[in-house]
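Architecture and fold: a report
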Amino acid sequence: MMPLAYKVRPKKFEDIVGQDHLVGPKGVIKKMIDNNQLFSLILYGPAGCGKTTIAEVVSSYFPLSSFSFNASSDNKAKLKDIAQSAEYYENTLCIIDEIHRMKKDTQDFLLPFVESGKLTIIGLTTENPYRSINPAIRSRCHIYRLKEINENDLFLLLKKVIKNEQMKNISDDILKYIVNASSCEVRSALNMLEIVNMLDEEDLNLANAMDLIGIKSFNIDEKKEYFYDVTSAMIKSIRGSDVDAALHYLARLLLTEDIEFISRRLLCLAYEDIGLGNPNIGPRVLAATEAAKSLGLPEARLPLSYAVCDLALSPKSNSTYLAIDNAIADLENMKSMAIPPHILNKELKSGKYQYKYPHDYKNDYVKQQYMPDELLGKIYYVPKDTGQYERAIKEYIAKLKREAE
């Protein structure tokens, strides 16, 4: 039998709940439909908020050959088949679920088709694409965030489904419990509604409904924030040096028992937000997260809380993170640039080019060109003053500049 959530999935924009900023009368996606012009999109937001539904409704409005691709389970060969199909159609649409999981070689294969317009993509993800999706893909798409479904909208939706599907008379207190237990995920709420509808009329009360639903949909707080929102809150608290808030959010994340995920995020933060502000932090956090994995819960909370406190109370610097991202951006936006020939040193014997070995000079430094001609004078790394180590680096850079004059 067809599940209720699939059966009542909206077939038109007017039936989609909570996303009027995208699909309402003045919504940007509705404007695309009205102008008969679809651009590549990335839709991101929490689970059960309507990403897949919007993508499927969009595809129904266009006379396109439409395909689906799951970046976590489908392989590159399937994408090649889709791309080949694009050669036979004026326009081809590909809905890519979990696009943040797309492998780099798959992205590289996809890019020219998206660039040329032969393939229009709608990427779906629960993660923030500005942090989780390759800039090359991101720059070729319009990015839109879906809002969380609020309690009132979900409650009214359940009432509407009951009426349209001629279900049993389910009381408002049961519906409110479903809204709360589902964490406002439409799909979960509809699944719960379908189960409750199995009760006989005389047994339709809140106590029996709660027993039938069982464990509420997992939620790590009482304000219905989602897993990645809590993770983001912990990272922002550490970045903002609020150690108590950071520990609060770590406590929430520990309820997930996902030590591997927490460890990865803390280690990433050590190099992104602390960096050379405290160069010893990376090895310390690595040691703490490895200890957490070895201990397992509940003891893993000890090294993880140590790492969170260490990170939150450390001097902060994102200088190296900014430096490498700026360098990568130049590679993506500029043509290939030749390495200065004296660096390659391929014609040393002929004397045409001469690489100067710094250790042969005073203070192990000699002025010579290392950067390609196109980037001469470009500065990627800018030291900060928040930590003693990076202040020393700043002084050293100034000294080198003085010696080069």
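Bear in mind the structure is a predicted one, so any value in this text is a computation, not a measurement.

Criteria and thresholds
- Residues numbered from 1 in each chain as written.
- Predicted model: local features only at pLDDT ≥ 70, side-chain atom pairs only at ≥ 80, totals over all residues.
- Heavy atoms only, no water.
- Salt bridge = Lys/Arg side-chain N within 4 Å of Asp/Glu carboxyl O.
- Buried < 20%, exposed > 50% of the residue type's maximum accessible area, 1.4 Å probe, protein only.
- Helix = DSSP H or I, 4+ residues; strand = E, 2+ residues; numbered from the N terminus.
- Right-handed = clockwise from strand over helix to strand, strands pointing away.
- Phe/Tyr/Trp six-rings, centres within 6.5 Å; stacked < 30°, edge-to-face > 60°.
- Pairing = 2+ DSSP bridges.
- Axes fitted to C-alpha atoms, helices over the stretch in contact; angles between N-to-C directions.
- Contact = heavy atoms within 4.5 Å.
- Expected span 1.5 Å × (residues − 1).
- Arc of directions from axis to C-beta.
- Polar contact = N/O pair within 3.5 Å; in protein donor to acceptor, adjacent residues only side chain to side chain.
- Patch = residues over 30% accessible without salt bridge, like charges linked within 9 Å, V, L, I, M, F, W, Y side chains within 5 Å.
- Areas by Shrake-Rupley, 256 points an atom, 1.4 Å probe, with all protein chains shown as cover.
- Core = buried A, V, L, I, M, F, W, Y, C linked by side-chain atoms within 4.5 Å.
- Parallel < 35°, antiparallel > 145°, perpendicular 65-115°, else oblique.
- Left-handed = near helix turned anticlockwise from the far one by under 90°.
- Lys, Arg positive; Asp, Glu negative; His and termini not counted.
- Charge placed at Lys NZ, Arg CZ, Asp CG, Glu CD.
- Nonpolar A, V, L, I, M, F, W, Y, C, P; charged D, E, K, R; others polar.

**Some points on the pattern of salt bridges**
Scanning all chains against the criterion turns up 16 salt bridges. For arginine 101, the salt bridge is made with glutamate 98, and the minimal N-O distance between the two is 2.8 Å. Judged by its relative accessible area of 45%, arginine 101 is partly exposed. Given a relative accessible area of 24%, glutamate 98 falls into the partly exposed group. Residue glutamate 290 is joined to lysine 293 by a salt bridge in which the shortest nitrogen-to-oxygen separation is 3.5 Å. Here lysine 293 and glutamate 290 lie together in helix 16 (residues 281–295), a separation of three residues that amounts to about one turn.

**So, the pairing of strand 3 (residues 92–97)**
Two faces belong to every sheet, and in a regular strand the side chains alternate between them. Within strand 3, five of the six residues are buried, which leaves the element mostly enclosed by the surrounding structure. Read from strand 3 through helix 6 (residues 104–116) to strand 4 (residues 119–125), the crossover connection turns out right-handed.

**Thoughts on the packing of aromatic side chains**
Enumeration according to the criterion identifies one aromatic pair in this entry. For the ring pair phenylalanine 109 and phenylalanine 113, a centre distance of 5.3 Å and an interplane angle of 45° mean the geometry is tilted. With phenylalanine 109 and phenylalanine 113 both in helix 6 and four residues apart, this pair spans about one turn of that helix.

**Considerations on the sheet that holds strand 1 (residues 41–44)**
Read from one edge to the other, the open sheet built from five strands follows the order 2-3-4-1-5, with strand pairing classed as parallel. Unpaired on one side and paired on the other, strand 2 (65–70) and strand 5 (142–145) mark the two borders of the sheet. Taking the axes of each pair of neighbouring strands and ignoring which way they run, one obtains an average angle of 15° across the sheet. Here six bridges tie strand 2 to strand 3, and the two strands are oriented parallel to one another. When the sheet's bridge partners are listed, serine 68 is paired in strand 3 with isoleucine 95. Its contacts with the sheet put helix 5 (residues 76–86) on strand 2, strand 3 and strand 4, and the angle it makes with strand 2 is roughly 165°. Strands strand 2, strand 3 and strand 4 of the sheet are contacted by helix 6, whose axis makes an angle of about 135° with strand 4.

**Examining the environment of glutamate 332**
Residue position: glutamate 332 is located in helix 18 (residues 319–333). Residue class for glutamate 332 comes out partly exposed when judged on its relative accessible area of 42%. Considering only alpha carbons, one finds glutamate 332 and alanine 136, 196 residues apart in sequence, at a separation of 7.7 Å. What glutamate 332 contacts, discounting residues up to four positions off in sequence, is Asn134, Pro135 and Ala136.

**Remarks on helix 9 (residues 151–164)**
End to end, helix 9 covers 20 Å across 14 residues, agreeing with the expected 20 Å (1.5 Å per residue, within 8%). Along helix 9, the residues classified as buried are Leu154, Phe155, Leu157, Leu158, Val161 and Ile162. Take helix 9 and look down its axis: the buried residues cluster within an arc of 160°, on one side only. On the buried face of helix 9, the contacting elements are helix 1 (4–7), helix 10 (172–181) and helix 11 (186–196). N-capping of helix 9 is provided by asparagine 150, with a side-chain oxygen placed 3.2 Å from the backbone N of asparagine 152. Looking at the residues trailing helix 9, positive phi occurs at glutamine 166, about 50°.

**Notes on a nonpolar patch on the surface**
A contiguous nonpolar patch, built from Ile195, Met198 and Leu212 and spanning about 270 Å² of accessible area, is present on the exposed surface. One can find methionine 198 in the loop between helix 11 and helix 12 (206–213).

**Let's talk about the nonpolar core**
Ile29, Leu154, Leu158, Ile178, Leu193 and Val196 are the most contacted members of the largest nonpolar core, which totals 50 residues. Excluding anything up to four places from it in sequence, leucine 154 contacts Ile149, Val179, Ser182, Cys184, Glu185, Val186 and Ala189.

**Observations concerning the packing of helix 9 against helix 10**
Two elements in contact, helix 9 and helix 10, have axes separated by 10 Å at closest approach and are oriented at 125°. Judged on the interaxial angle alone, helix 10 and helix 9 are oblique. You can see that helix 9 and helix 10 cross each other, and the crossing is right-handed. Of the residues in helix 10, those touching helix 9 at Glu151, Leu154, Phe155, Leu158, Lys159 and Ile162 are Asp172, Leu175, Lys176, Ile178 and Val179.

**Brief notes about a negative patch on the surface**
A surface patch of negative charge is lined by Asp200, Glu201, Glu202 and Asp203. Looking at where glutamate 202 falls in the secondary structure, it is placed in the loop between helix 11 and helix 12. Looking at glutamate 202, the relative accessible area reads 63%, which means it is exposed.

**A closer look at the packing of helix 10 against helix 12**
Two elements in contact, helix 10 and helix 12, have axes separated by 9 Å at closest approach and are oriented at 30°. Our classification of the angle between helix 10 and helix 12 gives roughly parallel. In the packing of helix 10 onto helix 12, the handedness of the crossing is right-handed. Contact residues: Asp173, Ile174, Tyr177 and Ile178 in helix 10; Leu206, Ala209, Met210 and Ile213 in helix 12. For the contact of helix 10 with helix 12, the class distribution of residues is seven nonpolar, no polar and one charged.

**Here we look at the environment of histidine 142**
One can find histidine 142 in strand 5. Here histidine 142 falls in the partly exposed class, since its relative accessible area comes to 36%. C-alpha of histidine 142 to C-alpha of glycine 123: the two residues are 19 residues apart in sequence and 10.0 Å apart in space. Apart from the residues lying within four places of it in its own chain, the contact partners of histidine 142 are Phe39, Ser40, Leu41 and Ile42.

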